[in-house]
Amino acid sequence: MNLWVRILRAEPAMGDALGREGVEARRALSRRALALAAEAMGARLGPERHGEHGQPLPDGDWHSSRSHARSCAAAACAPFALGVDVEEVLPRRDELVPRMCSRDELDLLGGFTWERAFRIWTAKEAVLKKAGVGLLELSACRLTAVDGDRQAWIHHRGRHHKVEQLSRDGHWVAIAHDGPEETEVKWRWSAA
Ligand SMILES: CC(C)(COP(=O)(O)OP(=O)(O)OC[C@H]1O[C@@H](n2cnc3c(N)ncnc32)[C@H](O)[C@@H]1OP(=O)(O)O)[C@@H](O)C(=O)NCCC(=O)NCCS
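Since we're looking at a predicted model, the values are computed, not measured.

What counts and what doesn't
Residues numbered from 1 in each chain as written. Predicted model: local features only at pLDDT ≥ 70, side-chain atom pairs only at ≥ 80, totals over all residues. Helix = DSSP H or I, 4+ residues; strand = E, 2+ residues; numbered from the N terminus. Rg over C-alpha atoms; globule rule 2.2 N^0.38 Å. Buried ≥ 20, exposed ≤ 12 C-beta atoms within 10 Å, placed from the backbone. Near = placed C-beta within 6 Å. Nonpolar A, V, L, I, M, F, W, Y, C, P; charged D, E, K, R; others polar. Core = buried A, V, L, I, M, F, W, Y, C linked by C-beta atoms within 7 Å. Contact = placed C-beta atoms within 7 Å. Expected span 1.5 Å × (residues − 1). Pairing = 2+ DSSP bridges. Axes fitted to C-alpha atoms, helices over the stretch in contact; angles between N-to-C directions.

Chemist: How would you summarise the overall build of the protein chain if you had to cite specific residues and measurements?
Modeler: Counting secondary structure elements, the protein chain contains 5 helices and 9 strands. Taken from the N to the C terminus, the helices and strands of the protein chain come in the order β-α-α-β-β-β-α-α-α-β-β-β-β-β. Computed over C-alpha atoms, the radius of gyration of the protein chain comes to 16 Å, within 12% of the 16 Å expected from 2.2 N^0.38 for 192 residues, which places it in the range of a compact globule. The principal-axis extent of the C-alpha atoms belonging to the protein chain is close to 45 × 40 × 30 Å. When each of the 192 residues of the protein chain is scored for burial, the buried share is 38%.

Here you go:
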């Protein structure tokens, strides 16, 4: 089975929108990305419902996940659990680095750069969103291996979860899923 990840790049004006208006515009973009992902998967999704940690609940057999960054949104849906995350690679305050990843994790990638820190962060967020817990279990998540720049493995709740990743236009996108081994992740990146 192909598993489509739809990524929509926003108009520049949306990236600059601040406050509540900006958040709502990014949310709307991620909902559009999800509608396109659902269409590609042949799924019909009803209104989104959320669980106690804010996680989207499955709609019948269909699980879904959305993510929004400043000027980009990503989403996917499938008949198995999945988590998607997108982040823009932007230098932040140095104190944030230890919250995102450990020195051992960075060493697996060749040492610290913001690019690598965001790669690790999106991989963890994808796994935590798949579990439906979000950042509540961030400290229980660990990067254990990488293969090139497309695959990473995160240990969480006694399992090694494979994460597939895409780096493009200054962003990292990550997806973790519980589908069959032969599932092929397909990325589609387009303007909104
Ligand atoms: C989930 C979480 C990691 C999202 O991080 P983020 O990078 O800020 O946001 P993203 O753009 O990647 O994803 C946002 C989407 O994730 C989904 N989401 C929210 N909570 C989630 C969870 N626990 N598990 C999986 N997905 C979740 C929602 O669809 C959300 O979209 P919305 O903001 O339009 O409602 C973070 O919000 C979190 O840890 N939440 C759980 C913590 C918690 O329980 N807080 C109490 C709130 S009820």
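Chemist: Now, about the site of the ligand: what can you tell me, with residues and values included?
Modeler: Around the ligand lies a shell of 17 residues, among which Gly54, Gln55, Ser67, Gly134 and Leu135 are the nearest. Elements represented by at least two residues in the shell around the ligand include exactly β2 (63-69) and α5 (114-131). Among the residues forming the shell around the ligand, the class breakdown is 5 nonpolar, 7 polar and 5 charged.

Chemist: Go over the nonpolar core, please, and point to the residues and values.
Modeler: One finds Ala74, Ala76 and Ile175 to be the most contacted residues of the largest nonpolar core, which totals 46 residues. Elements with a contribution of two residues or more to this core: β1 (2-9), α2 (19-41), β3 (72-78), β4 (82-88), α5, β5 (142-147), β6 (151-156) and β8 (171-177). Look past the residues within four positions of Ile175 in its chain and what remains in contact with it is Val5, Ala76, Leu82, Val84, Ala126, Val163, Glu164 and Val185.

Chemist: I'd like a description of α2, backed by residues and values.
Modeler: The first and last C-alpha atoms of α2 sit 33 Å apart over 23 residues, in line with the 33 Å expected at 1.5 Å per residue. For α2, every residue scored as buried is listed here: Arg26, Leu29, Ser30, Ala33, Leu34, Ala37, Ala38 and Met41. On the buried face of α2, the contacting elements are β1, β2 and β3. At the exit of α2 stands Gly42, carrying a positive phi of roughly 75°.

Chemist: How would you sum up the sheet that holds strand β9 (residues 184-191)? Please name residues and give values.
Modeler: With respect to topology, 4 strands assemble into an open sheet ordered β2-β3-β1-β9, the strand pairing being mixed. Both edges of this open sheet fall to β2 and β9, since each of them pairs with a single strand only. Each neighbouring strand pair of the sheet contributes to a mean axis angle of 15°, computed without reference to strand direction. Strands β1, β2 and β3 of the sheet are contacted by α2, whose axis makes an angle of about 35° with β3.

Chemist: Explain the pairing of β8 residue by residue, including any values.
Modeler: The buried fraction of β8 amounts to 7 of the 7 residues, a majority that puts the element mostly inside the structure. Side-chain alternation along β8 places His171, Val173, Ile175 and His177 on one buried face and Trp172, Ala174 and Ala176 on a second face that is also buried. Inspection of the sheet shows β4 paired to β8 by 7 bridges, in the antiparallel sense. Bridge pairing in β8 places Asp85 opposite Ala174.

Chemist: Go over the sheet that holds β6, please, and point to the residues and values.
Modeler: Consider a sheet: its strands pair through backbone hydrogen bonds, and that pairing is either parallel or antiparallel. Strand order in the open sheet formed by 5 strands is β4-β8-β7-β6-β5, and the pairing between neighbours is antiparallel. Of all the strands in the sheet, the pair left with one neighbour each is β4 and β5. Averaged over all adjacent pairs, the angle separating strand axes in this sheet is 25°, with direction ignored. Where β5 lies against β6, 5 bridges are found, and the strand directions are antiparallel. Counted as the bridge partner of Asp147 is Gln151 from β6. Where α5 meets the sheet, its contacts fall on β4, β5, β6, β7 (159-168) and β8, and the angle it forms with β4 comes to roughly 150°.

Any functional reading would require information beyond the geometric quantities listed.
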